[in-house]
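Chain by chain, the residues run as shown.
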Amino acid sequence: PFLFEGQTHQREVTYTDGDGDVISFKLEDGNLVKYVNGTPQVGGNRRTSDGIVTELVCRGTRVNDQHGWGGNVPREVLPQLSALADLAGVEHNLPSCISDVADGE
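These numbers come from a predicted model, not from an experiment. (Residues numbered from 1 in each chain as written. Predicted model: local features only at pLDDT ≥ 70, side-chain atom pairs only at ≥ 80, totals over all residues. Heavy atoms only, no water.)

Asker: Help me understand unusual backbone geometry, please; the structure alone is not making it clear to me.
Answerer: Note: most peptide bonds trans; most residues except glycine with negative phi. Here the phi dihedral of Asp29 falls at roughly 50 degrees; this positive angle occurs in a residue that is not glycine. Along the chain, the position of Asp29 falls in the loop between strand S2 (22-28) and strand S3 (31-36). (Helix = DSSP H or I, 4+ residues; strand = E, 2+ residues; numbered from the N terminus.)

As structure tokens, this is what we get:
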């Protein structure tokens, strides 16, 4: 995406998932890092404790990490997450605008 004078990229997106967990994706040192309730984590059971995301797969509003773990993400968050993934060089198929978000899984 192009930036105009005075614009900056968002460095973080946060939302609450269907299980009540607070999920955050943050740009840190050029990496996209996923936090679950404040703890860096990708995959189930803290499979990767550094939280570094290397891939995101989107189906409808469900987003999974490289280990196949994830959940539904609010529609309005998907384009923001897409932009963060682009900045971190993470492979993904996330929509870049809300109108591109498919309903359901």
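After presenting the structure, the write-up continues.
Asker: Where do I start with the pairing of S2 in this structure?
Answerer: Taken residue by residue, a regular strand's side chains alternate between the two faces of the sheet. Where strand S1 (residues 12-16) meets S2, 5 bridges bridge the pair, whose relative direction is antiparallel. Looking at the pairing, Thr14 lines up with Ser24 of S2. Adjacent in sequence and paired antiparallel, S1 and S2 are bridged by 5 residues, among which Gly20 carries a positive phi angle near 90 degrees. Where S2 meets S3, 6 bridges bridge the pair, whose relative direction is antiparallel. (Pairing = 2+ DSSP bridges.)

Asker: Before we go on, may I ask you to explain the side chain of Ser24 in this structure?
Answerer: One can find Ser24 in strand S2. According to the relative accessible area criterion, Ser24 is buried, its value standing at 8%. With sequence-adjacent residues up to four places away left out, Ser24 is seen in contact with Glu12, Val13, Thr14, Val33, Lys34 and Tyr35. (Buried < 20%, exposed > 50% of the residue type's maximum accessible area, 1.4 Å probe, protein only. Contact = heavy atoms within 4.5 Å.)

Asker: Help me understand the sheet that holds strand S6 (residues 55-59), please; the structure alone is not making it clear to me.
Answerer: Whether parallel or antiparallel, the strands of a sheet pair through hydrogen bonds between backbone atoms. Pairing is mixed across the open sheet formed by 4 strands, whose spatial order is S8-S7-S6-S9. Only two strands of the sheet have a single partner each, and these edge strands are strand S8 (70-72) and strand S9 (91-92). Sheet analysis places strand S7 (residues 62-64) next to S8, joined by 3 bridges and oriented antiparallel. Residue pairing across strands places Val63 opposite Gly71, the latter belonging to S8.

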